[in-house]
Amino acid sequence: MITCLSLGPALDVTYGVASLRVGEIHRPTWQLALPGGKAVNVARALHTLGTAARVILPLGGPVGQLVQAGL
């Protein structure tokens, strides 16, 4: 098992639009929020490759709760 230590976890948010038209207003039609930060992304990649991984990171506040729920 590989342990990944993160001092700065993040919540990576991606917004998507159905189509892009130059000069027009675009409103997101979907949103994806995933736990992120370097150590979390490394652990996710290791898991995808079949290697056991764990993440140690500080969590606090509303964003910390969202990151914890996403893990």
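By convention here, each chain's residues receive numbers from 1 onward along its written sequence. Owing to the predicted nature of the model, reporting of local features is limited to residues with pLDDT of at least 70; listing and counting of side-chain atom pairs is limited to 80 or more, with chain, interface and lining totals taken over all residues. Working from all heavy atoms in the structure, the side-chain values ignore hydrogens and water.

Overview of the overall build of the protein chain
Here a helix means four or more residues in a row that DSSP labels H or I, a strand means two or more in a row labelled E, and each is numbered from the N terminus. Per the secondary structure count, the protein chain includes two helices and four strands. Helices and strands appear in the protein chain in the N-to-C order β-β-β-α-β-α. Taken along its principal axes, the extent of the C-alpha atoms in the protein chain is 50 × 30 × 15 Å. When the 71 residues of the protein chain are sorted by exposure, 18% land in the buried category. The long-range share in the protein chain, meaning contacts at least 24 apart out of those at least 6 apart in sequence, stands at 54%. Carbon and sulfur atoms form 60% of the exposed surface of the protein chain, whose accessible area is close to 5400 Å². Exposure categories follow from relative accessible area, calculated using a 1.4 Å probe and restricted to protein chains: below 20% of the type maximum is buried, above 50% is exposed, and the middle band is partly exposed. Between two residues, a contact is recorded if the distance between any of their heavy atoms is within 4.5 Å. Accessible surface area values rest on a Shrake-Rupley calculation with a 1.4 Å probe, where residue burial reflects the displayed protein chains alone.

Focus: the pattern of salt bridges
Each reported salt bridge corresponds to a side-chain nitrogen of Lys or Arg within 4 Å of a carboxyl oxygen of Asp or Glu. In total, this model carries one salt bridge according to the counting rule given. Arg21 serves as the salt-bridge partner of Glu24, at 3.7 Å between the closest nitrogen and oxygen.

Notes on the environment of Ile25
Position of Ile25 among the secondary structure elements: in the loop between strand S2 (10-16) and strand S3 (30-36). It is 35 Å that separates the C-alpha atoms of Ile25 and Arg44, two residues lying 19 residues apart in sequence.

Section: a nonpolar patch on the surface
Each patch is built from residues that are more than 30% exposed by relative accessible area and take part in no salt bridge. Like charges join if they lie within 9 Å; nonpolar side chains (Val, Leu, Ile, Met, Phe, Trp, Tyr) join within 5 Å. On the surface, a nonpolar cluster with roughly 370 Å² of combined accessible area is contributed by Leu5, Leu7 and Ile56. Secondary-structure assignment places Ile56 in strand S4 (residues 53-56).

Topic: the side chain of Ser6
Within the element layout of this structure, Ser6 appears in the loop between strand S1 (2-5) and S2. For this analysis, a polar contact is any N or O atom pair within 3.5 Å, provided that within protein one partner can donate a hydrogen and the other can accept it, and provided that sequence-adjacent residues contribute only side-chain to side-chain pairs. At a separation of 3.3 Å, a polar atom in the side chain of Ser6 contacts the main-chain amide nitrogen of Gly8. Once residues within four sequence positions are removed from consideration, Ser6 is found in contact with Ala39, Ile56, Leu57 and Pro58.

Quick look at helix H1 (residues 38-48)
Those residues of H1 that sit buried are Ala39, Val40, Ala43 and Leu46. One side of H1 holds all its buried residues, which, seen down the axis, span an arc of 125 degrees. Exposed positions of H1 whose direction lies more than 90 degrees from the buried face are Lys38 and Thr48. Phi turns positive one or two residues past the end of H1, at Gly50, with a value near 90 degrees. Throughout, the arc means the angular range of directions from the helix axis out to the C-beta atoms.

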